[in-house]
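# Results of the structural survey
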Amino acid sequence: MREEHLLYDLRDSPFCMKARICLHLKGVSYRTVTVTARRYRELRRLNPLGKVPVLVHDGEVIADSSSIARRARTVSSWRNGPTRRSTSSSARSSG
Ligand SMILES: N[C@@H](CCC(=O)N[C@@H](CS)C(=O)NCC(=O)O)C(=O)O
């Protein structure tokens, strides 16, 4: 069984909000770990830059909100299977 996603975040951070929105929109369930002064060392171990958000899943550490957004998309595609590409001529037309 896969571990749950853990999101190290700060409530008021816009980057964390972006990560939360992306995870939510892609239906990825996660638990948040609010980074307090006591947890800062733990955060630095995960992300030497000491920045949030950081997503941890199955021992993998994903720092940076854009990388988390990409991961959310990937997790959602694992669930939904491969997406079909449009082969219509309008989609292929280069103009
Ligand atoms: N490029 C990063 C920026 C993350 C970032 O700057 N996070 C701020 C909070 S909004 C932070 O952790 N600042 C703490 C610090 O710089 O030490 C992302 O998109 O996640």
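One structure accompanies this document, and this report is about it. Remember, predicted model here, so these are calculated numbers, not experimental data. (Residues numbered from 1 in each chain as written. Predicted model: local features only at pLDDT ≥ 70, side-chain atom pairs only at ≥ 80, totals over all residues.)

## Points about helix α3 (residues 65-80)
The following threshold applies: A run of H or I in DSSP counts as a helix once it spans at least four residues, and a run of E counts as a strand once it spans at least two, with each numbered from the N terminus. Given the number of residues in a helix, its expected span is that number minus one, multiplied by 1.5 Å. Partly exposed residues are those whose C-beta has more than 12 but fewer than 20 other C-beta atoms within 10 Å; 20 or more makes a residue buried and 12 or fewer makes it exposed, with C-beta atoms placed from the backbone. By definition, the arc is the one covered by directions from the helix axis to the C-beta atoms.
With 16 residues, α3 extends 23 Å between its outermost C-alpha atoms, agreeing within 8% with the 22 Å of an ideal straight helix rising 1.5 Å per residue. All of the buried residues along α3 are S65, I68, R71 and A72. For α3, the arc enclosing every buried residue in end-on projection is 110°, short of the 170-degree limit, so these residues lie on one face. Every exposed residue of α3 that faces more than 90 degrees away from the buried side is listed here: S66, T74, S77 and N80. Downstream of α3 by a residue or two, G81 has a phi angle that is positive, lying close to 80°.

## Details of the pairing of strand β1 (residues 5-9)
What counts here: Any two strands between which DSSP finds at least two bridges are classified as paired. For a crossover, the right-handed case is the one in which the path from the first strand over the helix to the second runs clockwise, viewed with the strands pointing away from the viewer.
Burial analysis of β1 places 4 of its 5 residues in the buried class, the great majority of the element. With 5 bridges joining them, β1 and strand β2 (residues 30-34) adopt parallel strand pairing. The residue bridging L6 from the neighbouring strand is R31, located in β2. After leaving β1, the chain enters helix α1 (residues 14-25) and then returns to the sheet as β2, a path that is right-handed.

## A word on the sheet that holds strand β3 (residues 54-57)
Hydrogen bonds between backbone atoms are what pair the strands of a sheet, whose relative direction is either parallel or antiparallel. The criterion, for reference: Between N-to-C directions, angles span 0 to 180 degrees; the directions come from axes that are lines fitted to C-alpha atoms, helices contributing only their stretch in contact.
With mixed pairing, 4 strands are arranged side by side in an open sheet as β2-β1-β3-β4. Only two strands of the sheet have a single neighbouring strand rather than two, namely β2 and β4 (60-63). Ignoring which end each strand starts from, the neighbouring axes of this sheet average 25° apart. Note: β3 against β4, 4 bridges, orientation antiparallel. Paired with V54 across the bridge in β4 is A63.

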